[in-house]
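One-letter residues, chain by chain:
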Amino acid sequence: MDFLQPPGWVRPRGYSNGVAAKGRTICVGGMIGWDGQEQFHCDDIAGQTRQALQNIVEVLAEGGAKPEHIVRMTWYVIDKKEYVAAYKEIGAAYREVIGKHFPAMAAVQVAGLIEDRARVEIEVTAIVPD
């Protein structure tokens, strides 16, 4: 896996500008903050983010992948201000579940998610080396 950082660019914090990788691709659909039984255990964005990330790790494991194989993440949040206010807690949850691996990422504020109680939805692409 090669992290792409053009010369002279400021190094991003918490994500990478680009990633190049070769291997078997695993795509994980949007994961929200409920458990495998579709039960929410909290309503705050940090707690739901932690659960969504745990869900991602479990799905990746089914495909023989680990968090360090993630090359791309897209985050959908319903409230940018809530997301920004929870950066510290979200960052702690991210490092606890994913580790210090920072793939290419995008975060987008959306008008709503299909599950009304969901605060965040995250989709992932991982590449497991050959």
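Cut-offs and rules
Residues numbered from 1 in each chain as written. Predicted model: local features only at pLDDT ≥ 70, side-chain atom pairs only at ≥ 80, totals over all residues. Heavy atoms only, no water. Helix = DSSP H or I, 4+ residues; strand = E, 2+ residues; numbered from the N terminus. Contact = heavy atoms within 4.5 Å. Salt bridge = Lys/Arg side-chain N within 4 Å of Asp/Glu carboxyl O. Buried < 20%, exposed > 50% of the residue type's maximum accessible area, 1.4 Å probe, protein only. Pairing = 2+ DSSP bridges. Axes fitted to C-alpha atoms, helices over the stretch in contact; angles between N-to-C directions. Expected span 1.5 Å × (residues − 1). 1 Å grid on protein atoms, 1.4 Å probe; cavity = no way out; pocket = protein on both sides within 12 Å on 5 of 7 lines; lining within 4 Å. Points joined across faces, edges and corners; volume = space filled by probe spheres on them. Nonpolar A, V, L, I, M, F, W, Y, C, P; charged D, E, K, R; others polar.

Under the annotation held in an unreviewed UniProt entry, the chain carries the name RidA family protein and is attributed to Undibacterium baiyunense.

Provide a residue-level description of the overall build of the chain, including the pertinent values.
Summing up its helical and strand segments, the chain has three helices and six strands in all. If you list the helices and strands of the chain from N to C, you get β-β-β-α-β-α-α-β-β. Taken along the three principal axes of its C-alpha coordinates, the chain extends 40 × 35 × 25 Å. Taking all contacts inside the chain whose residues are at least 6 apart in sequence as the whole, residues at least 24 apart take part in 76%.

Tell me about the pattern of salt bridges, and please be specific about residues and values.
As enumerated under the stated definition, the model contains three salt bridges in all. Where Glu96 meets Arg50, a salt bridge forms, and the shortest distance between an N and an O atom there is 2.7 Å. Of this pair, Glu96 sits in helix H3 (residues 87-97) while Arg50 sits in helix H1 (residues 45-62), and the two are 46 residues apart along the sequence. Using a relative accessible area of 55% as the deciding quantity, one classes Glu96 as exposed. Of the charged contacts in the structure, one is a salt bridge between Arg119 and Glu82, with a shortest N-O distance of 2.7 Å. Of this pair, Arg119 sits in the loop between strand E5 (104-109) and strand E6 (120-128) while Glu82 is found in helix H2 (residues 80-85), placing the two residues 37 residues apart along the sequence.

Give a description of the sheet that holds E5 that names residues and reports values.
Sheets are built from strands that pair by backbone hydrogen bonding, the pairs being arranged parallel or antiparallel. Strand order in the open sheet formed by four strands is E3-E6-E4-E5, with mixed pairing between adjacent strands. Unpaired on one side and paired on the other, strand E3 (24-32) and E5 mark the two borders of the sheet. Taking the axes of each pair of neighbouring strands and ignoring which way they run, one obtains an average angle of 10 degrees across the sheet. Pairing analysis gives six bridges linking strand E4 (residues 70-77) to E5, with the strands arranged parallel. Within E5, the residue paired with Arg72 across the bridge is Ala104. Here H1 sits on the sheet in contact with E3, E4 and E6, set at roughly 150 degrees to E3.

Give me the lowdown on H1, citing residues and values where you can.
Because each turn of an α-helix spans 3.6 residues, side chains separated by three or four positions end up pointing in the same direction. In this model, H1 (18 residues) spans 26 Å end to end at C-alpha, consistent with the 26 Å of a helix rising 1.5 Å per residue. Looking at H1, one finds that the buried residues are Ile45, Ala46, Gln48, Thr49, Gln51, Ala52, Leu53, Asn55, Ile56 and Leu60. Check the buried side of H1 and you find it contacts E3, E4, H2, H3 and E6.

Which residues make up the layout of surface pockets, and what are the values?
Roughly 510 Å³ of volume is contained in the largest pocket. Around the largest pocket, the lining is made up of 14 residues, and of these Arg13, Gly14, Tyr15, Tyr83 and Tyr87 lie nearest the centre. Contributions of two or more residues to the lining of the largest pocket are made by H3 and E5. When residues in the lining of the largest pocket are grouped by element, the largest group, five residues, is from H3. Of the residues in the lining of the largest pocket, the class split is ten nonpolar, two polar and two charged.

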